[in-house]
Amino acid sequence: MKKILFLASFYLAVSTQAQVTHFKYNNTKNITVNKAAVVSAHTLASNAGIAVMKKGGNAFDAAIATQLALAVVYPGAGNLGGGGFMVAHTSAGKNIALDYRESAPAKATKDMYLDSARNAVTILSMEGRLASGVPGTVAGLFATLKYAKLPFSTLIAEAITLADKGFALTKAQAEDFNNSRSVFLRNNKNKVAFVRDIQWKAGDILIQTELANTLKRIRDFGLKGFYEGETAKLIAAEMSSGNGIITEKDLKNYKVKERVAMQFPYKNYQVITMPLPSSGGIILQQLFKMTQQKKLDSYPFHSAESIQLIVEAERRAFADRAEFMGDEDFVKVPVKTLVSEKYLKNRMADYVADQAGNSSNVKPGQIKESEETTHISITDAEGNAVAVTTTLNDHFGSKTIISGAGFVMNNEMDDFSVKPGVPNMYGAIGNDKNAIAPGKRMLSSMTPTIVLKNNQPYIVVGTPGGTTIPTSLFQSIINIVDYKMSAEDAVNKPKFHHQWQPDVIYVEKDFEKSVQTKLLEMGYKITERGTIGRTELIKIEKSKKSNNKIVITAVADKRGDDDARGY
Ligand code: GLY
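Residues numbered from 1 in each chain as written. Predicted model: local features only at pLDDT ≥ 70, side-chain atom pairs only at ≥ 80, totals over all residues. Heavy atoms only, no water.

**Q** Run through the pairing of strand β16 (residues 526-529), naming residues and quoting values.
**A** When strand β15 (residues 505-508) meets β16, the two strands line up parallel, connected through 4 bridges. Of the residues in β16, the one forming a bridge with Y506 is T527. (Pairing = 2+ DSSP bridges. Helix = DSSP H or I, 4+ residues; strand = E, 2+ residues; numbered from the N terminus.)

So this is what it looks like as structure tokens:
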């Protein structure tokens, strides 16, 4: 009977995957398939990834096609003008960590966002031309290509069509453009595709001709189609039309860095994740170790006890982030110590169950709700697993669109510590380790992650959310590993977050009220916020019931337009 039910749910899940055209589509939140899957922030992007795999490509081909499509259909975070990280585990057992994070331009200086009285002018690191780092995404796509199978021209074709011929906006996107109208007008001298005289509504078609032309230059000239020639000239011209400092030379000098993926055990699993310049891998490892030492799994899911333990581990991990972390190519970071069992045991030595800790003596920051990074999780029929998180930083990045080239530039410079102790837009505090220097990469929280079980990909996961990324990722993983939840519940159950400063637990609106009451009694401060993250998760299992057949469950977060697709 169980078998029949299982098969029924399998076929139901596949058959409910809606057909897609550029002008009519619905998202699918949860599918069960057995060959390949893509989960991303937009149906048309997931669809682009699946289409290239069906043409003979692998998960790396899908990663390229999906990112390019996101740059067109999800311009608030998908991008050509930003940067990202890719973590992958190949069918041959190799781990890959690609760092295509933005870098500070050659003319950047440590104090570039301070006024003459040495006060931080943070609007400059958040909005407009001066807020941008040198973009890395296009270089990242070409670095990924060496693991892919299809020609780049095939992988970019769908993105070009989407930009050239247009696609239908979702309701959320139409509202987004309407709400962002004044900020686009403030930061752009020329007309941009997202602004028009009448209000946008769901189903309206967005055509991006300038962006299509940029994509065609990338198709025709490869890396040089972006980092040299006309596109580079357009970027440099946009910068010098205002206070921007990125030059053609900065663009030509940009390089992807292949890092050694961070790998560590958790129970019977291996976690593969992003090293510095992401703080996320270190924080994730610290959270797993600190909570395991204190036997997290002995407390029920979302009990006040389990939340308190996680919050206290988060408090300590984020204090370490502020104190010790930055781009290791520029500063020394004691990574080995930060993740050692002994150090973390000491770190939790003053932990008192039932009593709130205290992040005293540092100025509180403010956390902002819009954290517009975006994540893609992919698995293919060959056994490759790819997790990509890519970002413009804020929603629509710097809000400046490169005139003539049609893409949004990042405001990633705000992820540096513009002045020690001054919180960035996520409320994160840093010091000299994360100070600005030419060529340096700003500390990130992006944490694309793969969990192996028996040395095979088991969970492929990631999320946007700024500093909430490692903490919500941690929760999604323990929900499966420790609390034995379905993949769907693991993603969609309410999330919470603490980041040392400000000293407050953020909870999603649907977070259990009785647990909040208990935490308040322990002495915690609690702030409700809209949503935390948009997790894209794939779980890969072997079916014991049908000859070890691969069963892939792909879940797109309920919190947005996100979409899971597969076959
Ligand atoms: N811009 C968000 C991050 O890199 O963490």
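Having put the structure on the table, let's press on.
**Q** Would you mind going over empty space enclosed by the protein in detail, with residue names and values included?
**A** A complete count under the given rule lists 5 cavities of 30 Å³ or more for this structure. The volume enclosed by the largest cavity comes to roughly 90 Å³. Lining of the largest cavity is provided by 16 residues; of these, N393, D415, Y426, S445 and G466 occupy positions nearest its centre. By residue class, the composition of the lining of the largest cavity is 4 nonpolar, 8 polar and 4 charged. Each pocket or cavity is described by its volume, and for the second largest cavity that value is around 80 Å³. (1 Å grid on protein atoms, 1.4 Å probe; cavity = no way out; pocket = protein on both sides within 12 Å on 5 of 7 lines; lining within 4 Å. Points joined across faces, edges and corners; volume = space filled by probe spheres on them. Nonpolar A, V, L, I, M, F, W, Y, C, P; charged D, E, K, R; others polar.)

**Q** Could you give an account of the site of the ligand, naming the residues involved and the relevant values?
**A** The environment of the ligand is made up of R101, T373, T391, N393, E412, D415, Y426, S444, S445 and M446. In this structure, R101 approaches the ligand through a side-chain N or O atom, which is 2.9 Å from an oxygen atom. The separation between a nitrogen atom of the ligand and a polar side-chain atom of N393 is 2.6 Å. Against a free-state accessible area of 200 Å², the protein chains account for coverage of 99% of the ligand. The cavity that encloses the ligand is the largest cavity. The residue inventory of the shell around the ligand, partitioned by class, reads 2 nonpolar, 5 polar and 3 charged. (Near = heavy atom within 4 Å. Polar contact = N/O pair within 3.5 Å; in protein donor to acceptor, adjacent residues only side chain to side chain. Areas by Shrake-Rupley, 256 points an atom, 1.4 Å probe, with all protein chains shown as cover. Sits in = over half its atoms within 2 Å of the grid points.)

**Q** Can you break down the pattern of salt bridges residue by residue, with the values?
**A** According to the stated counting rule, one finds 34 salt bridges in the structure shown. A salt bridge links R186 to E127; its shortest N-O distance comes to 3.0 Å. Note that R186 is positioned in helix α7 (residues 171-187) and E127 in the loop between α4 (123-126) and α5 (137-145), a separation of 59 residues in sequence. For R186, a relative accessible area of 54% corresponds to the exposed category. When the shortest N-O distance is used, the salt bridge between K267 and D482 registers 2.4 Å. With K267 in the loop between β8 (262-266) and β9 (269-273) and D482 in the loop between α16 (468-481) and α17 (487-492), this residue pair connects regions lying 215 residues apart in the sequence. (Salt bridge = Lys/Arg side-chain N within 4 Å of Asp/Glu carboxyl O. Buried < 20%, exposed > 50% of the residue type's maximum accessible area, 1.4 Å probe, protein only.)

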